[in-house]
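# Observations on the three-dimensional arrangement
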Amino acid sequence: MKRRILARTMLAALLFAAIPISAVDGVAATTPAPSSLSAQAQTTRLHNLQTRGTAEIDRRVSNLNSALAKLGASTKLKTADKSALTQQVQTEVASLTALENKLVADTDLATARTDVQSIVTDYRVYVLMLPKVRLVASTDRFDVVEDKLATLNDTLQTKVNAAKSAGKDVTALQSSLDDMKAKTADATSKTSTLVAQLLALQPTDYNANHAVLLTYRTSLTAALADVKAARDDAKSVIDGLK
Amino acid sequence: MVLVVLILAAIAAVAYYFYGSKLLPGSSKSSTSSATAKATPTPTPAASNNLDSSLQSLDTSLGDLGTNLTDVDSVLNDKEGSLSE
């Protein structure tokens, strides 16, 4: 009898202990979704989004303005490239400023959330625009180097021809000169169309392919090897003419 | 008589002044030949200097290019910016 009473007591205790578990599940099921947040919570979240969003926009506008100042002071960019880049950066600054005004005026959470996301996806300031400015500046510098190599090649060819007419064996010199010309042409073929391609890049291109700029950086690395080899050829010809 | 001597002395002094200060034509053969010698170029060293300065100019541009490519890499690897995007 005592054993039966003890068994019933233990069963009752187990059933009683199970009650809080189902109660917790019930509480979780009744937690309000974000759309059903209280008005106070929604206001707080909206305010937080606006604060974070304006800070992110301000940071980007500040960096873009620094880039504009550098562009304005640059003496090594081609005039057309400088003008195109300046226009693109100014457009981003103006659009981000307009977005900031819109975000501050937003009154619902969903719109504010979309606006904050667009700070990144519609502008790509750090991963596209600012690197793009640098890449165009580098490509313009390649043009300067390639022009100097071509001019030097012409001058050296005249000297080598004169040395040959004077009876000097110029076989090795001519070989270096030919290599210099070929390497310069290789570099030019790698860089001549880059600026147009870079200027045409849009945030959507980065969104579709995060490695889009690496292709251009790789081309510049290969072109740098070419111009360095051409420079070394020129040095050997100059030394050989002395 | 004394007046004639004084006049001759004055003419001699004036002539010496102009001759001595090389204002008269043909007054200094040595200086003319020196000027000619200075104007004569020395072809080989000058040509060599031109080539060397062209190479130096090229090296300057290559150095500038290298610095710019380093800037490109630092912007491409900007962790703070990349992480925020």
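Since we're looking at a predicted model, the values are computed, not measured. (Residues numbered from 1 in each chain as written. Chains lettered and ligands numbered in written order. Predicted model: local features only at pLDDT ≥ 70, side-chain atom pairs only at ≥ 80, totals over all residues. Heavy atoms only, no water.)

A few words now on the overall build of chain B. For chain B, the helix and strand inventory stands at four helices and zero strands. Across chain B, helices and strands are ordered from the amino to the carboxyl terminus as α-α-α-α. In chain B, which comprises 85 residues, the proportion classed as buried is 18%. For chain B, the accessible area works out to roughly 6100 Å², and carbon and sulfur atoms hold 67% of it. (Helix = DSSP H or I, 4+ residues; strand = E, 2+ residues; numbered from the N terminus. Buried < 20%, exposed > 50% of the residue type's maximum accessible area, 1.4 Å probe, protein only. Areas by Shrake-Rupley, 256 points an atom, 1.4 Å probe, with all protein chains shown as cover.)

Helix and strand counts for chain A come out as nine helices and zero strands. When the helices and strands of chain A are listed from N to C terminus, the series reads α-α-α-α-α-α-α-α-α. Across the 242 residues in chain A, those meeting the buried criterion constitute 37%. Considering only contacts in chain A between residues 6 or more positions apart, those separated by 24 or more positions represent 79%. Carbon and sulfur atoms make up 60% of the accessible area of chain A, which totals about 13600 Å². (Contact = heavy atoms within 4.5 Å.)

The next thing to look at is the interface of chain A and chain B. Chain A puts 36 residues into the contact, and the matching count from chain B is 26 residues. Each partner contributes to the roughly 2700 Å² buried at the junction of chain A and chain B, and carbon and sulfur atoms together form 64% of this total. Together, A:Arg134, A:Arg217 and A:Arg231 form the three largest contributors to the area buried by chain A at its contact with chain B, with a combined 21%. Across the pair A:Lys242 and B:Asp52 runs a salt bridge whose closest N-O atoms are separated by 3.3 Å. (Buried area = accessible area lost by both parts, 1.4 Å probe. Salt bridge = Lys/Arg side-chain N within 4 Å of Asp/Glu carboxyl O.)

The subject of this paragraph is the packing of helix H3 (residues 79–105) of chain A against helix H5 (residues 125–165) of chain A. Residue and element names in this part refer to chain A. At a minimum axis distance of 11 Å, the contact between H3 and H5 shows a crossing angle of 170 degrees. Considering the angle they form, H3 stands roughly antiparallel to H5. Handedness of the H3/H5 crossing: left-handed. Residue-level inspection shows Asp81, Leu85, Gln88, Val89, Glu92 and Leu96 of H3 in contact with H5, the latter providing Val125, Met129, Lys132, Val133, Val136 and Asp140. (Axes fitted to C-alpha atoms, helices over the stretch in contact; angles between N-to-C directions. Parallel < 35°, antiparallel > 145°, perpendicular 65-115°, else oblique. Left-handed = near helix turned anticlockwise from the far one by under 90°.)

This paragraph deals with the side chain of A:Arg217. When you line up the elements, A:Arg217 lands in helix H9 (residues 212–241). With a relative accessible area of 14%, A:Arg217 lands in the buried category. For A:Arg217, the contacting residues outside a window of four places in its chain are A:Leu135, B:Leu69, B:Val72, B:Asp73 and B:Leu76.

Applying the stated criterion to the full structure yields 16 salt bridges over all chains. Notably, a salt bridge pairs A:Arg217 with B:Asp73, separated by 2.6 Å at the nearest N-O pair. Taken as a pair, A:Arg217 in helix H9 and B:Asp73 in helix H3 (residues 43–76) lie in two separate chains rather than in one. Residue B:Asp73 is classed as partly exposed on the basis of its relative accessible area, which comes to 26%. Ionic pairing is found between A:Arg231 and A:Asp232, a salt bridge with its closest N-O pair at 3.3 Å. A relative accessible area of 16% means that A:Arg231 is categorised as buried. When salt bridges with common partners are traced through the structure, they connect A:Glu56, A:Arg59, A:Arg60 and B:Glu85 into a single cluster.

What follows covers the packing of H5(A) against H9(A). The description of two packed helices rests on the angle between their axes and on the distance between the axes. Residues and elements named next belong to chain A. Close contact between H5 and H9 brings their axes to 10 Å; oriented N to C, the two are set at 25 degrees. Viewed along their axes, H5 and H9 adopt a mutual orientation that is roughly parallel. At the point where H5 passes H9, the crossing takes the left-handed sense. Residues of the contact of H5 with H9, tallied by class, amount to 21 nonpolar, two polar and four charged. (Nonpolar A, V, L, I, M, F, W, Y, C, P; charged D, E, K, R; others polar.)

Now for the nonpolar core. Residues A:Leu96 and A:Leu156 are the most contacted members of the largest nonpolar core, which totals 67 residues. Of all the elements, H5(A) adds the most residues to this core, at 17 residues. Beyond its immediate sequence surroundings of up to four residues, A:Leu156 is in contact with A:Leu177, A:Met180, A:Ala234, A:Val237, A:Ile238, A:Leu241 and B:Leu51. (Core = buried A, V, L, I, M, F, W, Y, C linked by side-chain atoms within 4.5 Å.)

Checked against the element boundaries, A:Arg124 lands in the loop between helix H4 (109–121) and H5. Here the alpha-carbon distance between A:Arg124 and A:Thr97, two residues 27 residues apart in the chain, equals 15 Å. Excluding residues within four positions of it along the chain, A:Arg124 makes contact with A:Ile119, A:Met129, A:Pro203, A:Tyr206, A:Asn207, A:His210 and B:Glu85.

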